[in-house]
There are 2 protein chains.
Amino acid sequence: MTQHASLVALQERIAAVNDVLNATSVLTWDSRTMMPAGGAETRGHQIATLTRIARDLLLAPETERALEGAERAVEGLAEDSAERRMVQQTRHAVEHHKRVPASLIQERAALRTVAQAAWIEARSKSEFSIFSSYLAKTVELSRAYADCIGWSEHPYDAMVSIYEPGETAASLKDLFKELRAGLLPILDAARSRPQPRSDFLFRDFPEEGQRAFGLSLTEKLGYDLQRGRLDTTVHPFEVSFTRNDVRIATRYNRNYLPASIFGTAHETGHGLYEQGVDPAYTRTTLTTDLVGLYTVGGTSFGAHESQSRLWENHIVRSRTFWQLHFPELQKHFPDQRGDVSAEEFYRAVTRVEPGFIRVEADELTYDFHIIMRADIECALMDGSLPVADLPEAWNAAIRRDLDLVVPNDAHGVLQDVHWSTGYIGSFPTYTIGNVMGAQMMETLRRQKPSLDAAITAGEYSTLAQELRTRIWQHGRRFRRDELLERETGRRLDPAPYLAYLRSKYAT
Amino acid sequence: MTQHASLVALQERIAAVNDVLNATSVLTWDSRTMMPAGGAETRGHQIATLTRIARDLLLAPETERALEGAERAVEGLAEDSAERRMVQQTRHAVEHHKRVPASLIQERAALRTVAQAAWIEARSKSEFSIFSSYLAKTVELSRAYADCIGWSEHPYDAMVSIYEPGETAASLKDLFKELRAGLLPILDAARSRPQPRSDFLFRDFPEEGQRAFGLSLTEKLGYDLQRGRLDTTVHPFEVSFTRNDVRIATRYNRNYLPASIFGTAHETGHGLYEQGVDPAYTRTTLTTDLVGLYTVGGTSFGAHESQSRLWENHIVRSRTFWQLHFPELQKHFPDQRGDVSAEEFYRAVTRVEPGFIRVEADELTYDFHIIMRADIECALMDGSLPVADLPEAWNAAIRRDLDLVVPNDAHGVLQDVHWSTGYIGSFPTYTIGNVMGAQMMETLRRQKPSLDAAITAGEYSTLAQELRTRIWQHGRRFRRDELLERETGRRLDPAPYLAYLRSKYAT
C-alpha cells in the first residue's frame, strides 16, 4: 500500500512537470506562429524560467522520495511494463540532471542567445569568421556537458544519446559506412539519366490554394483537426501538447509548389505519431522527454523522423499518390492546369539533383548531407577538427560526395540553425528516420498483403491503423530498437531503405 | 548594500512569478482563440499547475527573506516611489495568500469546473434549478474566502477589494444611489423620443469586411500591431503578456455590424492601456496582479474598464467619429452602401432600447444591469437573499428599472458566466469604468483645449498621449483613486459621467 501510494505520488509529480513543459511548448509554438515581434524579448525569459522550474520539480526531495518508493513498487512488474518504464525513465532523467550543474545550463543558455544572433549575421554576410568563436565556445560547452553526463568511448556518444538513446559514434560510423556504400551506385545510376522537366513547379501558386490543398492532404492522411491545427511559419515544425492538442506548421513558397506539399506531409507524419499515443499516457513520463525537458510522445528523434519520412516519401512522394490525387491539386490552381500530367508531376518531384542545401535535398542525396555533418560533429567533439578548419572540411566533403564546389559559407557551413542553438548530435537522427521508416514499410507490406491495395485505392487509414498499433500507441514506453525488434524482427537495418531507394530511383 | 541586494533578489523572484503567470496568460489566450477542441481536457491542469507554482514561489521562504530585506531597503524612499510600491504590493499579496489555505483554493477550483458545466446546461435549458445548488456552494465558498481575507463591515467588501481595491459594499451603495437618481430622468427623456431606424445594422456583413475595418479601426486608435494581435473569439477579451505582446480578440456577427466594431474599439482601449505601460515595469510587481495571480499592467478592473469604455463610447460611439469614418466603413461593404447617411448610422448605434441582456445594453441602461447585480451579490454574500429566491429578485429588479418582464432564466439570471466561474464582486467595476472614463475625459477636454480639435480631425494620438502620460505609463504603481486625484483633483465622481450621458442622450 505504501509503495502504491508512492507510485501515485510520483505520477502526480510528473504530471506537474508535464504541465509546466506543456506550457513551454505552447510558448514555443506561439513564438513561431503567432507572437508579434515585440514579444520576443520576454518570451525567452518565460521559457527559461519554466524549464528551470521543471528541472527543479524533478530534482526536488519530494520527487526523490516518491521515486524511491515507486522503484520498490514496480519491482515485481514486467521489465517492459508501462509502470516500470515510467519509473526507470524518471530515474534516468533525475540522474542525468543531477550530473549537470545549473551553472553549465545557464552558460549554455546564455551562449545560445548570442550565438544565434551571431549566426544570423554571419549567414546573412556569408562570413564564417563572424560565427566561429561562438561555435568554438559551443563545442567547448558541449564537451563539458558530455563530460558531466559521462561517456566511455567517445564524447560524441553522450550528445547523441540525448536525441537517439542507444546510438554511439561507433554505431553511427558502421551504419553510415554501409549506407554510403549502398547509396553511391544508386546515385550514380540516377545521375546518368536525363532530367525530367520541372518548370511547372516554379509557377505562381497563390497561398490560398496551397493552404487548401495542404489541409485536404493532412486530413486525407488521417490527421485529426479536432485534436490539432495546421498553421503557417518560417521553418516547418510539429509540436505536441498532448495527443489531443497537436500543432503542425508549414510554409508557403508562392513560386515553388513542392515546399508546402511535402512539408505538410512530413509534419503530418510527426503529428499522426503524437495523435496516436495511448490516452492513458497523457501527462506521464511516457509522453515527456524528461532529459530534454519537453513534451513529446515519440520515443526518439529518429523514431519520430521515421514516421514523418514514411508519410512524406513512401506515401505522398509516390507515383500511386499522384495518379490518384493530381486532379485535385490541379483544381486548386485552375490557372496552372492543362499542360502537365500526373506522371510528369511525379517525375518532377522525384528528380535527383545534388545541391548545397540540406533541406532542399532530394531523397538520394539527403543522407550525404547528414553523414558529413555527423563526421564533422564527431571530429569537433573529440578535437580532431579545429573549428577554424571547418569550412574547408565541409567544402571538401561536398566536393567528394556530391561533386559540387560550395560557392560561399551561407551555402555551406552556415546553412543550418542547429549548431547556433547548441544542438550537437541531432543530425544523425534524420537519416535514422529514413532507415527506420523504410524498415517498417518493408515489414508492413510483407506482413499485411492488403496494405498495398489500400494505398493504391487512397485508403490511408489501413496504414495508419498498423502504425498506431505497432508504434504510435506505445509513446515512449519502448526504445526505438525495441520497437523495431518487436515489429520487424531486427534492430535498425539499412537494407530495406537501400532497396526502396534502388527500386524508386535506379530501376 | 545588503539591503539593495535584497531588492534585486526580490525583483528576481517576482520576475519568475511574472514569467509563470505570463505563461498561464498565453495558455488562456490560446484556449480562447486557437486551441482545438481536444486540448480542453489537459489545458485546465496546465493552468492550475502554473497558478499553484506562482503562489508557491510567492510564499517560499526565499521570497519572504528577500521581501524583508527589501522592506528595509525602501524605507527611506518616497511612499509612492515605484520601488516602495512594488515592495508594498508584494507584501500585501504575500499576506493575502498566506491567509487563504491551499485546500480552499483547490475546493474553489474544483467547484468552478463542475459549476461551469452546470451553468452551461442550465442556460441552454433555461432552468435555474440545474445551477442553483452550484451557485449556493459558490456563495458559501466565497463567504469562506472573504472570511479568510478578512472584512469589518460587510463580507462583500473582501470580494470587491480583489477587483477594485478601495471600494466596499457601502461605498458602492453610495455611488450607485447617486447614479441611479441621475440616470432615471435621462432614461425617461431618451425613451420618450421616437426610435431612429436601425434596419441597416442587421444586413449581411461578410466577416472579411468586418475584420478589415476592425484592423483599420484599431490602428487608427493607436494600437501597435508590432506589439499586439487582433484575433477572433466567442467572447471578446484582452490579455497582456507584457507591454510588447498584447492580444485582443473580438467576434464577428455576420448579421449585426455594431458587435464587432464596438467590441474591437472596447478591447483596443484595454490594449492601449497595456501597451502604454512604462517599459521599466516589465516583469515586475507593477505589471502583475499578485493577488489575483495574472499578468496585467492596469491598476484595477475599474481603471482598465475606464479606458476601454472611453475609447469605445466617447470616441468611437460619437457623431464626430462617424462623420469622419463612415465613408471608409461603407467601402468595406459595397453591397450595403448608398441608402444610409453617417448621421443615420450614428443615431442607430446610439439608440436607447432597454433589453434583458447586459452585454447588448445601450449606454443608458447598461448601469442598471450592473447595479442590480451588485445589489444581488451583496445580498447573497450576507445571506439576506437565499439563492432560491434569486430569479424572483432578478426579475423584480428588471421590471422596476427597465419596465420589462423577463421571459425566462436564460434571458435573466443565467445570462452571465461570472458566477459560474466563482467571480463574485467584479460586476461593479464595469460601472466604475464608465464613471472614471467620463471623469478623465471631462478633465482632459478642460485642461487640453486642443484635444477636441484633434479628435474632430481624427487625430487620436493627442488623446492617447495624454492618457499614456497620465494613466497608462504608471502601470499598477498608483491606485485608481490616486490617479484620479492626481489628474482630476478628486476621487471617483459620477457627475461628469451623468453630464456626458445627459448631453448625448437627453438634449
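- The name an unreviewed UniProt entry assigns to chain A is Metal-dependent carboxypeptidase, from the organism Microvirga tunisiensis.
- UniProt annotates chain A under Catalytic activity (unreviewed entry) with the comment "Release of a C-terminal amino acid with broad specificity, except for -Pro."

1. Quick notes on the overall build of chain A
So, step 1. The helix and strand inventory of chain A stands at 20 helices and five strands.
So, step 2. Since a compact globule built from 507 residues should have a radius of gyration of about 23 Å, the 23 Å found for chain A is in line with a globular shape.
So, step 3. For the C-alpha atoms alone, the extent of chain A along its principal axes is close to 70 × 55 × 45 Å.
So, step 4. A buried classification covers 59% of the 507 residues belonging to chain A.
So, step 5. Residue pairs at least 24 apart in sequence account for 74% of intrachain contacts in chain A once pairs closer than 6 positions are excluded.
So, step 6. Total accessible area on chain A stands at roughly 20000 Å², and carbon and sulfur atoms take up 51% of it.
So, step 7. Of the side-chain charges in chain A, 59 are positive and 69 negative, and the distance between the mean point of each set is 2 Å.

2. Quick notes on the nonpolar core
So, step 1. Counting 293 residues, the largest nonpolar core has W322 of chain A together with W322 of chain B as its most contacted members.
So, step 2. If near-sequence neighbours (up to four positions away) are discounted, W322 of chain B is found in contact with F213, I261, F262, V316, R317, P327, L329, A342, F345, Y346 and V349 of chain B.

3. Re the relation of the copies chain B and chain A
So, step 1. With an axial shift of 0.0 Å and an RMSD of 0.0 Å, the rotation relating chain B to chain A amounts to 180°. Put plainly, the chains are arranged around a two-fold axis. Closest to the rotation axis within chain B is the C-alpha of A23 of chain B, separated from it by 3.2 Å.
So, step 2. Interface residue correspondence from chain B to chain A reaches 100%, placing this contact among same-surface, isologous pairings.

4. Brief notes about the sheet that holds strand β2 (residues 237-242) of chain B
Residue and element names in this part refer to chain B.
So, step 1. With mixed pairing, three strands are arranged side by side in an open sheet as β1-β3-β2. The sheet terminates laterally at β1 (228-232) and β2, the two strands that pair on one side only. On average, each strand axis in the sheet is inclined to that of its neighbour by 15°, with strand direction left out of account.
So, step 2. Here β1 runs beside strand β3 (residues 245-250); their pairing, made up of five bridges, is parallel. In the strand pairing of β3, R229 is matched with R247.

5. Things to note about the UniProt feature "binding site: Zn(2+)" (unreviewed entry) in chain A
Residues and elements named next belong to chain A.
So, step 1. Under the UniProt annotation, the feature "binding site: Zn(2+)" (unreviewed entry) is placed at H266, H270 and E305. On the basis of their most widely separated C-alpha atoms, the annotated residues across 40 residues gather in one place, lying no more than 8.6 Å apart.
So, step 2. Looking at the element boundaries, H266 is found in helix α10 (residues 258-275).
So, step 3. Not counting residues up to four positions away in its chain, the partners in contact with H266 are E305, S308, R309 and E312.
So, step 4. Checked against the element boundaries, E305 lands in helix α11 (residues 301-316).
So, step 5. Those residues within four positions of E305 in sequence are excluded, and the remaining contacts are H266, H270, T429, Y430 and G433.

6. Details of unusual backbone geometry
Residue and element names in this part refer to chain A.
So, step 1. If you check the backbone angles, R283 has positive phi at about 65° while not being a glycine.
So, step 2. Structurally, R283 can be placed in the loop between α10 and β4 (288-289).
So, step 3. The exposure class assigned to R283 is buried, which follows from its relative accessible area of 18%.

7. Observations regarding the domain arrangement of chain A
A common way to express how large an interface is: the accessible area buried when the components associate.
Residues and elements named next belong to chain A.
So, step 1. When the domains of chain A are assigned, the result is domain 1 (1-98) and domain 2 (169-505).
So, step 2. Each of domain 1 and domain 2 has a C-alpha centre, and these two points are 29 Å apart.
So, step 3. Taken together, the contact pairs 28 residues of domain 1 with 30 residues of domain 2.
So, step 4. Here domain 1 packs against domain 2, burying approximately 2500 Å² in sum over the two surfaces, 59% of which is carbon and sulfur.
So, step 5. Summed over the three residues of domain 1 that lose the most area to domain 2, namely W29, R32 and R85, the buried surface amounts to 24% of that side.
So, step 6. Linking domain 1 with domain 2 are two salt bridges, by the criterion used here.

8. Examining the UniProt feature "active site" (unreviewed entry) in chain A
Residues and elements named next belong to chain A.
So, step 1. UniProt's entry tags E267 with the feature "active site" (unreviewed entry), counted in the numbering of this structure.
So, step 2. Mapping E267 onto the fold places it in helix α10.
So, step 3. Classification of E267 by relative accessible area gives buried; the value is 7%.
So, step 4. In this view, E267 contacts P236, F237, E238, I248 and A249; residues no more than four positions away in its chain are not counted.
So, step 5. From its side chain, E267 meets the backbone nitrogen of E238 in a polar contact 3.3 Å long.

9. A word on the sheet that holds strand β1 (residues 228-232) of chain A
Residue and element names in this part refer to chain A.
So, step 1. Pairing is mixed across the open sheet formed by three strands, whose spatial order is β1-β3-β2. With one partner strand each, in any of the chains shown, β1 and β2 (237-242) form the two edges of the open sheet. Geometrically, the sheet is characterised by an average inter-axis angle of 15° between neighbouring strands, direction not taken into account.
So, step 2. Across the sheet, α10 touches β1, β2 and β3 (245-250), and the angle it forms with β3 is around 165°.

10. Things to note about helix α2 (residues 40-59) of chain B
So, step 1. Its 20 residues place the ends of α2 of chain B 29 Å apart at the C-alpha level, agreeing with the 28 Å of an ideal helix rising 1.5 Å per residue.
So, step 2. Listed as buried for α2 of chain B are T42, R43, Q46, T49, L50, I53, A54, R55, L57 and L58 of chain B.

11. Observations regarding the packing of helix α8 (residues 169-191) of chain A against helix α15 (residues 390-402) of chain A
Residues and elements named next belong to chain A.
So, step 1. Their axes nearest at 11 Å, the elements α8 and α15 cross at an angle of 60°. Residue-level contacts link R180, L187 and R191 of α8 to R400, D401 and L402 of α15.
So, step 2. The residue inventory of the contact of α8 with α15, partitioned by class, reads two nonpolar, no polar and four charged.

12. A short note on the pattern of salt bridges
Oppositely charged side chains can pair when the atoms bearing their charge come close.
So, step 1. Under the defined criterion, the tally for this structure stands at 99 salt bridges over all chains.
So, step 2. E328 of chain B serves as the salt-bridge partner of K220 of chain B, at 2.7 Å between the closest nitrogen and oxygen. Of this pair, K220 of chain B sits in helix α9 (residues 207-220) while E328 of chain B sits in helix α12 (residues 319-332), and the two are 108 residues apart along the sequence.
So, step 3. Residue E328 of chain B is classed as partly exposed on the basis of its relative accessible area, which comes to 21%.
So, step 4. Put simply, E164, E167, R480, D481, E485 and R491 of chain A are held in one network by salt bridges that share partners.

13. Considerations on the packing of aromatic side chains
All names here are of chain A.
So, step 1. Counted by the stated rule, this structure contains 30 aromatic pairs over all chains.
So, step 2. Ring centres of F205 and F333 lie 5.1 Å apart, and the angle between their planes is 85°; this geometry places the pair in the edge-to-face category. One end of the pair, F205, is in the loop between α8 and α9 (207-220); the other, F333, is in the loop between α12 (319-332) and α13 (342-349), with 128 residues separating them in the sequence. The exposure classification of F205 matches that of F333, with both residues buried.
So, step 3. By way of ring pairs, the aromatic residues F213, F262, F321, W322, F326, F345 and Y460 are connected into one cluster.
So, step 4. Taking NZ or CZ as reference, R486 lies 4.2 Å from the ring centre of F478, over its face.

14. Overview of the interface of chain B and chain A
So, step 1. Across the contact, 37 residues belong to chain B and 37 residues belong to chain A.
So, step 2. Counting the surface lost from both chain B and chain A, the interface buries some 2700 Å², and carbon and sulfur atoms represent 62% of this.
So, step 3. The three residues of chain B that bury the most area against chain A are M34, P36 and Q46 of chain B, which together make up 17% of that side's buried surface.
So, step 4. Its salt-bridge partner being D245 of chain A, residue R43 of chain B comes within 3.5 Å of it at the nearest N-O pair.
So, step 5. Here chain B and chain A share 14 residue pairs in polar contact (both at pLDDT 80 or more) between them.
So, step 6. Elements supplying a minimum of two residues to the side of chain B that touches chain A: α1 (2-33), α2, β1, β2 and β3 of chain B.
So, step 7. Tallying contributions element by element places α2 of chain B first for the side of chain B that touches chain A, with 10 residues.
So, step 8. Residues belonging to the side of chain B that touches chain A are distributed by class as follows: 15 nonpolar, 12 polar and 10 charged.

15. Concerning the pairing of β2 of chain A
Within a regular strand, side chains alternate between the sheet's two faces.
So, step 1. Buried residues dominate β2 of chain A, accounting for six of its six residues.
So, step 2. Remark: two residues form the turn of the hairpin made by β2 of chain A and β3 of chain A, two consecutive strands paired antiparallel.

16. A word on the environment of L257 of chain B
Residue and element names in this part refer to chain B.
So, step 1. Tracing the backbone through its elements, the reader meets L257 in the loop between β3 and α10 (258-275).
So, step 2. As for L257 and F205, which are separated by 52 residues in sequence, their C-alpha atoms are 6.6 Å apart.
So, step 3. Once you skip the residues sitting within four places of it in the chain, L257 turns out to touch L201, F205, Q210, L329, F333 and F345.

What counts, and at which threshold
Residues numbered from 1 in each chain as written. Chains lettered and ligands numbered in written order. Predicted model: local features only at pLDDT ≥ 70, side-chain atom pairs only at ≥ 80, totals over all residues. Heavy atoms only, no water. UniProt positions renumbered as here; feature names shortened; annotations may be inferred. Helix = DSSP H or I, 4+ residues; strand = E, 2+ residues; numbered from the N terminus. Rg over C-alpha atoms; globule rule 2.2 N^0.38 Å. Buried < 20%, exposed > 50% of the residue type's maximum accessible area, 1.4 Å probe, protein only. Contact = heavy atoms within 4.5 Å. Areas by Shrake-Rupley, 256 points an atom, 1.4 Å probe, with all protein chains shown as cover. Lys, Arg positive; Asp, Glu negative; His and termini not counted. Charge placed at Lys NZ, Arg CZ, Asp CG, Glu CD. Core = buried A, V, L, I, M, F, W, Y, C linked by side-chain atoms within 4.5 Å. Least-squares fit on C-alpha atoms with pLDDT ≥ 70 in both. Pairing = 2+ DSSP bridges. Axes fitted to C-alpha atoms, helices over the stretch in contact; angles between N-to-C directions. Domains from an automatic or database assignment. Buried area = accessible area lost by both parts, 1.4 Å probe. Salt bridge = Lys/Arg side-chain N within 4 Å of Asp/Glu carboxyl O. Polar contact = N/O pair within 3.5 Å; in protein donor to acceptor, adjacent residues only side chain to side chain. Expected span 1.5 Å × (residues − 1). Nonpolar A, V, L, I, M, F, W, Y, C, P; charged D, E, K, R; others polar. Phe/Tyr/Trp six-rings, centres within 6.5 Å; stacked < 30°, edge-to-face > 60°. Lys NZ or Arg CZ within 6 Å of the ring centre and 35° of its normal.

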